Amino acid sequence: MDFISILSIFVLACFVGYYVVWSVTPALHTPLMAVTNAISSVIIVGALIASAEAGSDIAKWLGLAGVVLASVNIFGGFAVTERMLAMYKKKEKK
Amino acid sequence: MQGTTSFLRHPGPRAGVPLSFGGALKVAGPRIKPGVTVVLLTAFLASPASASTGEAVNPWVALAYLVAGVFFILALRGLSSPSTSRTGNRFGMAGMLIAVATTLITHDIANIVEIGIAIFVGGAFGLVVARRIAMTAMPELVAAFHSLVGLAAVLVGWAAFLNPSAFGIAVPSEMLKFGAENPLAGKLVQPISLIEMGLGVAIGAITFSGSVIAFAKLSGKMSGSPILLPARHVINLGVLAVILALIAFLYFGVGGVHGDTQLHYFIAITVLAFLIGFLLIIPIGGADMPVVVSMLNSYSGWAAAAMGFTLGNTAMIITGALVGSSGAILSYIMCRAMNRSFLSVIAGGFGAESGASGGGGGEQRPYKTGSAEDAAFMLEQAEKVIVIPGYGMAVAQAQHALREMTDVLEEKGIEVKFAIHPVAGRMPGHMNVLLAEASVDYDKVFELEDINSEFAQCDVAFIIGANDVVNPAAKTDKTSPIYGMPVFDVEKAKQVFFIKRSMGGVGYAGVDNDVFYMNQTVMLLADAKKMVEEIVKALD
């Protein structure tokens, strides 16, 4: 993909993000932060590429360290979001 | 790509000469060093991925990343209501799974075992932390997680810099004289990628060091009060300018392409970015941490987006844009809720100067104090009670006791509502999570603008651990540092109970609060949790 197509995706995604985030209810802003945290760890893709390919030993180890950090975030982020969201329940009896 | 030929002016590197390529880009390089000079006439906007590796991007792979990106959008979309939020979270997990699986399948994995171990170690640690963390500690957890994303971005940026061919961002060897024979082949990074990586690493590093400071302040490992260096604005702007200049140097090949010069630039960018992240956050006080945490959230997104540009990966770009705008919007909401401009928050120092002026007014005004029994008696008489929780409730872990009190009151037929200010607590939505943890029905929890008109009809306003968000000075006193901030109209309530540990502290803005001294106010000076428990006992 050339730079302009990538930029187009980026700009459009910013607009999608803008409207989607405004529609998030304020009560869920903390889970929003936790889940955005988890998904921004998609940077693990870059870390995986670095650690998968031969060519530079330093790059490989940097990549592996990146994989560890991003994994903490992915598993931790989604798990903690899940834990929080599970608490937002309506009471049955009323 | 035929027209974009390039050549080495010097007949190639001599044998035995270490790979220090003192070259420069002819296109823009102002200083062309003699020696091994690589002249690239490549269009700067050339595609990073396909051109260098020569292989076409598999449309299915691109599609998979796109699906992952769309799933991330759905994940955020789900958060528009608590009832759809868990489905949304599942979409997020699925998106991540797709992204990771696609990457692993489409690359020759030389060391899958090591990668497996890395994922396992990180994942296990993350899960344990996520399960153990107390809900009250959520702000510092989020800050800590941000720092990890930032550091990961720095690591990925560095890995890409050191091994560009793995990322498909190396200058294609056919553009170099001698093609693949050229020792530079696969080692030179395309200029446009240098910008993206430079920005990614810089933002990542700022996110990392900034989040570490935010974490230290939020968890109380470091004083929450602002630390003000002299001339800090000049220093900060200067360091930022240097970082941007260095990134420009990389792009234009000032001082040579790759080799030691580029390496030094990259090191300098990383170090300076770590420094600026640290400098940016230390002057910001504890009360402004919600803005800071949201801002760092935003930065971690932009860092991911920058790396997404480098890799030409749609999932990363979409995610980066989503997270970036999410954090930016949250910061904006927080700033609006404090009636302060984003710049004034980032400039820092809030609470330091005003603390002195607020405390200086030192005349002692009379106030009433009461006991748990008094409060219980009045609450029983009420028809409608509005509870305003604040950071003090989180500190005292009083949310469960508070819910018990609510239950008892409701059994007696008293209407109880919760009013939450956008900046209550230490991160956006902090109070909502704590109330949800104590299984308070979210239908009873209201935002500022939805409930503020109801104070006139309510019998008791029950303030627990909040302060600045009920301060009428924000409406009346133009000299007050919190003037203009939207606050709850508690003074309209017939009766106000104010739970506070002591009369000493005056909120994080450091401003005295007229509500303490109102006729209808009774101060309940005690630990919030103990006080509420005693009220529950007295109610029975």
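In this text the structure is predicted, and so the values were computed from the model without any measurement.

Calculation criteria
- Residues numbered from 1 in each chain as written.
- Chains lettered and ligands numbered in written order.
- Predicted model: local features only at pLDDT ≥ 70, side-chain atom pairs only at ≥ 80, totals over all residues.
- Heavy atoms only, no water.
- Helix = DSSP H or I, 4+ residues; strand = E, 2+ residues; numbered from the N terminus.
- Rg over C-alpha atoms; globule rule 2.2 N^0.38 Å.
- Buried < 20%, exposed > 50% of the residue type's maximum accessible area, 1.4 Å probe, protein only.
- Lys, Arg positive; Asp, Glu negative; His and termini not counted.
- Charge placed at Lys NZ, Arg CZ, Asp CG, Glu CD.
- Salt bridge = Lys/Arg side-chain N within 4 Å of Asp/Glu carboxyl O.
- Contact = heavy atoms within 4.5 Å.
- Buried area = accessible area lost by both parts, 1.4 Å probe.
- Polar contact = N/O pair within 3.5 Å; in protein donor to acceptor, adjacent residues only side chain to side chain.
- Nonpolar A, V, L, I, M, F, W, Y, C, P; charged D, E, K, R; others polar.
- Pairing = 2+ DSSP bridges.
- Axes fitted to C-alpha atoms, helices over the stretch in contact; angles between N-to-C directions.
- Expected span 1.5 Å × (residues − 1).
- Arc of directions from axis to C-beta.
- UniProt positions renumbered as here; feature names shortened; annotations may be inferred.
- Core = buried A, V, L, I, M, F, W, Y, C linked by side-chain atoms within 4.5 Å.
- Phe/Tyr/Trp six-rings, centres within 6.5 Å; stacked < 30°, edge-to-face > 60°.
- Lys NZ or Arg CZ within 6 Å of the ring centre and 35° of its normal.

Quick notes on the overall build of chain A
Point 1. Scanning chain A from terminus to terminus reveals 4 helices and 0 strands.
Point 2. Secondary structure elements in chain A, listed N-terminal to C-terminal, are α-α-α-α.
Point 3. Here the C-alpha radius of gyration of chain A, 18 Å, is well above what a compact globule of 94 residues would show, namely 12 Å.
Point 4. With respect to the three principal axes, the spread of C-alpha positions in chain A is 65 × 30 × 15 Å.
Point 5. With 94 residues in all, chain A has 63% of them scored as buried.
Point 6. Computed over 7 positive and 5 negative side-chain charges, the inter-centroid distance for chain A is 26 Å.

A word on the pattern of salt bridges
All names here are of chain B.
Point 1. Counted according to the given criterion, the structure contains 14 salt bridges over all chains.
Point 2. For Lys-417, the salt bridge goes to Glu-454, with nearest N and O atoms at 2.8 Å. In this pair, Lys-417 sits in strand 4 (residues 415-420) while Glu-454 sits in the loop between helix 18 (448-451) and strand 6 (460-464), placing the two residues 37 residues apart along the sequence. Glu-454 matches Lys-417 in its accessibility class, with the two residues each being buried.
Point 3. A salt bridge links Glu-491 to Lys-475, with the shortest nitrogen-to-oxygen separation between them at 2.6 Å. Of this pair, Glu-491 sits in the loop between helix 19 (473-476) and strand 7 (495-500) while Lys-475 sits in helix 19; the two residues are 16 residues apart in sequence, bridging distant segments of the chain.
Point 4. Residue class for Glu-491 comes out partly exposed when judged on its relative accessible area of 25%.
Point 5. When its relative accessible area of 35% is taken as the criterion, Lys-475 is described as partly exposed.

Topic: the interface of chain A and chain B
Point 1. At the junction of the two partners, chain A supplies 82 residues and chain B supplies 106 residues.
Point 2. Each partner contributes to the roughly 8400 Å² buried at the junction of chain A and chain B, and carbon and sulfur atoms together form 76% of this total.
Point 3. By the criterion of area lost to chain B, the three top residues of chain A are Phe-3, Met-33 and Ile-43 of chain A, representing 8% of everything that side buries.
Point 4. Counting across the interface, chain A meets chain B through 3 salt bridges.
Point 5. Between Arg-90 of chain B and Glu-82 of chain A there is a salt bridge, and its shortest N-O distance comes to 2.3 Å.
Point 6. The tally of links between chain A and chain B comes to 16 residue pairs in polar contact (both at pLDDT 80 or more).
Point 7. Residues that form the side of chain A that touches chain B fall into these classes: 53 nonpolar, 20 polar and 9 charged.

Some points on the sheet that holds strand 5 (residues 445-447) of chain B
All names here are of chain B.
Point 1. Read from one edge of the open sheet, 6 strands run 5-4-3-6-7-8, paired in parallel fashion. Edge positions in the sheet fall to strand 5 and strand 8 (521-525), since each has one partner strand and no second. Within the sheet, the average angular offset between the axes of one strand and its neighbour, ignoring direction, is 25 degrees.
Point 2. The pairing of strand 7 with strand 8 spans 5 bridges and is parallel.

Details of the environment of Ile-346 of chain B
Residue and element names in this part refer to chain B.
Point 1. With respect to the helices and strands, Ile-346 occurs in helix 12 (residues 342-347).
Point 2. Along the backbone, Ile-346 and Pro-283 are 63 residues apart, and their C-alpha atoms lie at a distance of 8.5 Å.
Point 3. Beyond its immediate stretch of four places on either side in the chain, Ile-346 contacts Leu-280, Ile-284 and Met-295.

Remarks on helix 1 (residues 3-22) of chain A
Point 1. In this model, helix 1 of chain A (20 residues) spans 29 Å end to end at C-alpha, consistent with the 28 Å of a helix rising 1.5 Å per residue.
Point 2. Within the span of helix 1 of chain A, buried status applies to Phe-3, Ile-6, Phe-10, Ala-13, Cys-14, Gly-17, Val-20 and Val-21 of chain A. Along the axis of helix 1 of chain A, the buried positions cluster into a sector of 140 degrees, meaning they face one direction only. Away from its buried face, by an angle of more than 90 degrees, helix 1 of chain A presents the exposed residues Leu-12 and Tyr-19 of chain A.
Point 3. Buried positions along helix 1 of chain A lie against helix 2 (29-40) of chain A together with helix 2 (59-78), helix 7 (191-218), helix 10 (289-311) and helix 11 (314-337) of chain B.

Quick notes on the UniProt feature "transmembrane region" (unreviewed entry) in chain A
Residue and element names in this part refer to chain A.
Point 1. Using the residue numbers shown here, the UniProt feature "transmembrane region" (unreviewed entry) corresponds to residues 6-25, 32-52 and 58-81.
Point 2. Between the C-alpha atoms that bound residues 6-25 there is a distance of 30 Å. The span itself is 85% helix and 0% strand.
Point 3. Structurally, residues 58-81 comprises 100% helix and 0% strand, and the distance from its first C-alpha atom to its last is 34 Å.

Thoughts on the nonpolar core
Residues and elements named next belong to chain B.
Point 1. Phe-462 and Ile-535 are the most contacted members of the largest nonpolar core, which totals 199 residues.
Point 2. Broken down by element, the residue count for this core peaks at 15 residues, all from helix 5 (residues 138-162).
Point 3. Residues within four places of Ile-535 in sequence aside, it is in contact with Ala-372, Ala-375, Ala-376, Leu-379, Met-405, Phe-462 and Leu-524.

A few points about the packing of aromatic side chains
Point 1. The full count for this structure, using the stated rule, is 16 aromatic pairs over all chains.
Point 2. Between the aromatic rings of Phe-10 of chain A and Phe-309 of chain B, the centroid separation amounts to 5.2 Å while the plane-to-plane angle is 70 degrees, which identifies the pairing as edge-to-face. Of this pair, Phe-10 of chain A sits in helix 1 while Phe-309 of chain B sits in helix 10, which puts the two residues in different chains.
Point 3. Overall, the relative accessible area of 17% leaves Phe-10 of chain A in the buried class.
Point 4. Here the aromatic rings of Trp-22 of chain A and Tyr-332 of chain B are separated by 6.1 Å at their centres, their planes lie at 80 degrees, and the arrangement is edge-to-face. Linking Trp-22 of chain A in helix 1 with Tyr-332 of chain B in helix 11, this pair reaches from one chain into another.
Point 5. Note on Trp-22 of chain A: relative accessible area 31%, which makes it partly exposed.
Point 6. Owing to a relative accessible area of 45%, Tyr-332 of chain B belongs among the partly exposed residues under this scheme.
Point 7. One aromatic cluster is present, built from ring pairs that chain together Phe-3 and Phe-10 of chain A together with Trp-302 and Phe-309 of chain B.
Point 8. One cation-aromatic arrangement involves Lys-417 of chain B over Phe-446 of chain B; the distance from NZ or CZ to the ring centre is 4.8 Å.

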